[in-house]
Amino acid sequence: MADQKTIRLTKNDILHKEFKSGFHGYQQDEVDQFLDIVINDYDVFNAEILRLREENKRLKNELMSGENQRTAAPVENQGLTNYDVLKRLSNLEKHVFGSRLGE
């Protein structure tokens, strides 16, 4: 079974974390400033995750909509379109190469 990574800390867990003081412990102000940065990053990451999820959902809907439209297109129109393209290509060749095509 694959290891699934889960988020273990919430923004509030970080905000309310209390550290024990030691003899030569960390400076509390530095720890608080660092944790404030981490909390702000959490907010940015969460906003980006939500934005990407919405974009993913929108793109999946567009893809499904496009597939539905493609399958609903009549086959006869596709043949007519191919004929038009071939006709235009033939006219373009005649214009570019002129009488050399008959040789």
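Residues numbered from 1 in each chain as written. Predicted model: local features only at pLDDT ≥ 70, side-chain atom pairs only at ≥ 80, totals over all residues. Heavy atoms only, no water.

**Student:** Just to check I follow, could you spell out the overall build of the protein for this structure?
**Tutor:** Counting its regular elements, the protein contains three helices and zero strands. Tracing the protein from N to C terminus, the helices and strands come up as α-α-α. Here the protein holds 103 residues, and 3% of them are scored as buried. Of the accessible surface of the protein, which amounts to about 10,400 Å², a share of 55% is contributed by carbon and sulfur atoms. (Helix = DSSP H or I, 4+ residues; strand = E, 2+ residues; numbered from the N terminus. Buried < 20%, exposed > 50% of the residue type's maximum accessible area, 1.4 Å probe, protein only. Areas by Shrake-Rupley, 256 points an atom, 1.4 Å probe, with all protein chains shown as cover.)

**Student:** Please clarify how a negative patch on the surface should be interpreted in this entry.
**Tutor:** Among the surface-exposed residues, Glu-18, Asp-29, Glu-30, Asp-32 and Asp-36 lie close enough to one another that they form a single negatively charged patch. Along the chain, Asp-36 falls in helix H2 (residues 28-72). (Patch = residues over 30% accessible without salt bridge, like charges linked within 9 Å, V, L, I, M, F, W, Y side chains within 5 Å. Salt bridge = Lys/Arg side-chain N within 4 Å of Asp/Glu carboxyl O. Lys, Arg positive; Asp, Glu negative; His and termini not counted. Charge placed at Lys NZ, Arg CZ, Asp CG, Glu CD.)

**Student:** How do you make sense of the pattern of salt bridges when you look at a structure like this?
**Tutor:** Side chains carrying opposite charge are able to pair once their charged atoms draw close together. Within this structure, the stated rule accounts for four salt bridges. Close ionic contact of Arg-51 with Glu-48 constitutes a salt bridge, the shortest N to O distance being 2.7 Å. Here Arg-51 and its partner Glu-48 are both found in helix H2, three residues apart, which amounts to about one turn of the helix. Two residues, Arg-58 and Glu-62, come together in a salt bridge whose shortest N-O distance is 2.7 Å. One end of the pair is Arg-58 and the other is Glu-62, both in helix H2 and four residues apart, which spans about a single turn. Overall, Arg-58 belongs to the partly exposed group, its relative accessible area being 41%. Residue classification places Glu-62 among the partly exposed positions, given a relative accessible area of 45%.

**Student:** Can you help me understand the packing of aromatic side chains in this one?
**Tutor:** Between two aromatic rings, the relevant description is the distance of the centres plus the angle of the planes. In total, this model carries zero aromatic pairs according to the counting rule given. Positioned above the aromatic ring of Phe-19, the side-chain terminus of Lys-17 is 5.6 Å from the ring centre. (Phe/Tyr/Trp six-rings, centres within 6.5 Å; stacked < 30°, edge-to-face > 60°. Lys NZ or Arg CZ within 6 Å of the ring centre and 35° of its normal.)

**Student:** Quick question: what am I supposed to make of the environment of Leu-15 here?
**Tutor:** Its place among the elements puts Leu-15 in helix H1 (residues 11-15). A sequence separation of 17 residues divides Leu-15 from Asp-32, and the C-alpha atoms of the two residues are 8.5 Å apart.

**Student:** Is there a simple way to explain a nonpolar patch on the surface in this structure?
**Tutor:** Taken together, the side chains of Leu-86, Leu-89, Leu-92, Val-96 and Phe-97 define a hydrophobic patch exposed on the protein surface, amounting to about 480 Å² of accessible area. Relative to the helices and strands, Leu-92 resides in helix H3 (residues 75-97).

**Student:** What is the right way to look at the confidence of the model for the protein in this model?
**Tutor:** When pLDDT is low, close inspection of the predicted coordinates is not appropriate. When pLDDT is averaged along the protein, the result is 81; 82% of the residues meet or exceed 70. Here H3 stands out as the least confident element of the protein, with mean pLDDT 76; H2 is the most confident, with 89. (pLDDT = per-residue confidence, 0-100.)

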